[in-house]
Amino acid sequence: DAGITQSPRYKITETGRQVTLMCHQTWSHSYMFWYRQDLGHGLRLIYYSAAADITDKGEVPDGYVVSRSKTENFPLTLESATRSQTSVYFCASLGGQAEAFFGQGTRLTVV
Amino acid sequence: SQQGEEDPQALSIQEGENATMNCSYKTSINNLQWYRQNSGRGLVHLILIRSNEREKHSGRLRVTLDTSKKSSSLLITASRAADTASYFCATDGTSGSRLTFGEGTQLTVNP
């Protein structure tokens, strides 16, 4: 299916565990982003990528790692999950008209 | 800190009324965008206005941009209950395609 998909949609993990959130887009967009959205708030940029093998930090990168070996995939890894990382995570890609296309989100709970 | 800040934080109106939301930002931009988020879903792009434009229309949406005041407004005319959602402004800055979002306005349209 065309679009941008995230997996899993829901995840519960324990403090200290490593967790990887997946993001896949079918458009071959160059730019991709990871945001987190805490309850009742806006989106904060974690990491972004301008192309395969090019990534850069956003506003809140601490505790997260990204990679982009292929244009279509942009996984986000929490190296050692903490309760403060409980949030909804959104992946997005940037279209040709500078508009962002968002995935459905991953709701992560760290217990 | 967030580049964009929306005002008001919450807005409740009756169906058929117009809804106006405002966004202020801090640094120079290439363009400003508005997005909509239904509860529990990803963001959906509504409209983009470039820094050299002052006003733009799309259906029932009207966006204005005042770069001297670093502010934008989104007007939804003849609102419907289905317009109930959170609305976010996003700016890219002039250094690249890194999108920064505000905290959002929660719009409730009562039938």
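**Q** Would you take a moment to explain the layout of surface pockets for this structure?
**A** In this structure, the largest pocket encloses a volume near 620 Å³. Of all elements in the fold, only strand S9 (87-94) and strand S11 (106-110) of chain A together with strand S9 (85-91) and strand S11 (105-110) of chain B reach the threshold of two or more residues within the lining of the largest pocket. Looking at which element gives the most residues to the lining of the largest pocket, the answer is S11(A), with four residues. Taken together, the residues of the lining of the largest pocket sort by class into seven nonpolar, 19 polar and five charged. Here the second largest pocket is characterised by a volume of approximately 200 Å³. What lines the second largest pocket is a set of 15 residues, among which A:Phe102, B:Arg41, B:Gly42, B:Leu43 and B:Val44 lie closest to the centre.

**Q** What is the right way to read the interface of chain A and chain B from this model?
**A** Accessible area lost upon the coming together of the parts serves often as the stated size of an interface. The partner chain B presents 21 residues to the 24 residues of chain A that form the contact. Between chain A and chain B, roughly 1600 Å² of surface is buried when both sides are summed, and carbon and sulfur atoms account for 51% of that area. Of all residues in chain A, the largest losses of buried area upon contact with chain B belong to A:Leu43, A:Glu59 and A:Phe102, amounting jointly to 26% of the total for that side. Taken together, chain A and chain B are joined by zero salt bridges. Taken together, the links from chain A to chain B amount to six residue pairs in polar contact (both at pLDDT 80 or more). For the side of chain A that touches chain B, the secondary-structure elements that each account for two or more residues are strand S4 (32-37), strand S5 (43-51), S9 and strand S10 (100-102) of chain A. Counting residues per element, the side of chain A that touches chain B draws most heavily on S5(A), at four residues. For the side of chain A that touches chain B, the residue count by class is 11 nonpolar, seven polar and six charged.

What counts and how
Each chain carries its own residue numbering, running from 1 in the direction its sequence is written. Note on labels: chains are lettered from A, ligands numbered from 1, in written order. With pLDDT at 70 or above as the cut-off, local features in this predicted model cover only qualifying residues; side-chain atom pairs require 80 or more to be listed or tallied, and sums for whole chains, interfaces and linings still use all residues. Note: side-chain values were computed over all heavy atoms of the structure, leaving out hydrogens and water. Detection works on a 1 Å grid of protein atoms alone, calling trapped sets that fit a 1.4 Å probe cavities and calling open sets with protein on both sides within 12 Å along at least five of seven lines pockets, with lining residues defined by an atom within 4 Å of a point. Grid points are joined across faces, edges and corners, and a volume is the space filled by probe spheres set on the points. The numbering of helices and of strands both runs from the N terminus, where a helix is a DSSP run of H or I of at least 4 residues and a strand a run of E of at least 2. In this classification, the charged set is Asp, Glu, Lys and Arg, the nonpolar set is Ala, Val, Leu, Ile, Met, Phe, Trp, Tyr, Cys and Pro, and all remaining amino acids, among them Gly, are polar. The criterion used for residue contact is that any of the two residues' heavy atoms lie within 4.5 Å. Note on terms: buried area is the combined drop in 1.4 Å-probe accessible area of two parts once they are placed together, counting the loss on both. Think of a salt bridge as a Lys or Arg side-chain nitrogen and an Asp or Glu carboxyl oxygen that are within 4 Å of each other. Polar contacts here mean pairs of N or O atoms no more than 3.5 Å apart (in protein, one a potential hydrogen donor and the other a potential acceptor; neighbouring residues in sequence count only if both atoms are side-chain atoms).

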